[in-house]
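# Observations on the model geometry
Single-letter residue listing:
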Amino acid sequence: MTTDEQADPRVRAWEPMCRAVALLLGPYAEVVLHDPGTRRVLAIWNPLTARAPGAPSSIGELDSLDPAARDVFGPYEKLLADGRRLASVSAVLRDPDGGAAAVLCVNVDRTPLEQAAAALAAFAAPSVPRPEPLFADDWNERVRHIIGAYVRACGRPVERLTRADRLAVLARLEEAKVFTVRRAAPVVAGALRVSRSTVYGLLAELRAPDGISRASRAAGGSCR
């Protein structure tokens, strides 16, 4: 900060607040204090452009602002010449008599957020169906896949699956011949987060006459 800036009582009064905001949001935000009388920059922290104290301000006549906004405006969008998009907020700072002493603007560069959102969207892009032959012999993977698909379809965590849900899951695992593998039941119990005795009991019910069809009907009414 220059000597001229330090001499201005408005900069001295609001410099700690402006610097605190700049430190919190830096290096992706600039904080600008404008003089509404001369329409010039009083002080600037973390400048995103070549502006400096004394440079012309972009603010206009304050009398034309919407009085319902109560001196705080935004967030609104601004564009820099290099194409960067800013989210901006402006606040009119008033003196004890109610006059507009300065205008505080905080301009946040949205570029890092947009790049992060694009990266996340790319990871979430639709994928092709998995190549089933690669997993034909991996019964552990098959167990996880079948249970996970059911959980996603139901929209509730595995711990909250009902008895009808578990019967329906076991019916799918039975159809996939998972239980022909030795010691599959403990793995299924772990994935469903129930005891082995629960799995054996549900399997017995499922394998009773008309067990699979009853399980399918029950699950059809509970998994919505």
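As a starting point, this report considers the structure included with it. (Residues numbered from 1 in each chain as written. Predicted model: local features only at pLDDT ≥ 70, side-chain atom pairs only at ≥ 80, totals over all residues. Heavy atoms only, no water.)

In terms of nonpolar packing, the biggest core is built from 27 residues, with Ile147, Leu170, Leu173, Phe179, Val188 and Leu192 touching the most fellow members. Put simply, the parts of the chain that give this core at least two residues each are α5 (139–154), α6 (163–175), α7 (184–192) and α8 (196–206). Discounting residues that sit within four places of it in the chain, Ile147 has contacts with Val158, Val169, Leu173, Val188, Ala191 and Leu192. Among the nonpolar cores identified, the runner-up in size contains 14 residues, and Val11, Ala22, Trp45 and Leu93 belong to it. (Core = buried A, V, L, I, M, F, W, Y, C linked by side-chain atoms within 4.5 Å. Buried < 20%, exposed > 50% of the residue type's maximum accessible area, 1.4 Å probe, protein only. Helix = DSSP H or I, 4+ residues; strand = E, 2+ residues; numbered from the N terminus. Contact = heavy atoms within 4.5 Å.)

Moving on, we come to the environment of Pro75. Of note, Pro75 is situated in strand β3 (residues 72–79). The spacing of Pro75 and Ser90 is 15 residues in sequence and 8.0 Å in space, taken between C-alpha atoms. Every residue in contact with Pro75, bar those within four places of it in the chain, is listed here: Ser88 and Val89.

All right, on to the side chain of Asp8 then. Tracing the chain through its elements places Asp8 in the loop between α1 (3–7) and α2 (9–25). You can call Asp8 buried: its relative accessible area is 15%. Within polar-contact distance, the side chain of Asp8 engages the backbone nitrogen of Arg10 at 2.8 Å. (Polar contact = N/O pair within 3.5 Å; in protein donor to acceptor, adjacent residues only side chain to side chain.)

The next subject is the side chain of His34. One can find His34 in strand β1 (residues 29–35). Within the local environment of His34, its side chain forms a polar contact with the side chain of Ser57, the two groups lying 2.7 Å apart. With residues up to four places along the chain from it excluded, the contact list for His34 reads Arg40, Val41, Leu42, Arg51, Ser57, Ile59, Ala102, Val103 and Cys105.

Strand order in the open sheet made by the five strands is β2-β1-β5-β4-β3, with antiparallel pairing throughout. Lying at the two open borders of the sheet, with one neighbouring strand each, are β2 (40–45) and β3. In this sheet, adjacent strand axes meet at a mean angle of 25 degrees when their direction is disregarded. As judged from the nine bridges shared by strand β4 (residues 85–94) and strand β5 (residues 100–109), these two strands associate in the antiparallel manner. Bridge pairing in β5 links Ala91 to Leu104. Strands in contact with α2 are β1, β2, β4 and β5; relative to β1, the strand with the most contacts, it is inclined by about 165 degrees. (Pairing = 2+ DSSP bridges. Axes fitted to C-alpha atoms, helices over the stretch in contact; angles between N-to-C directions.)

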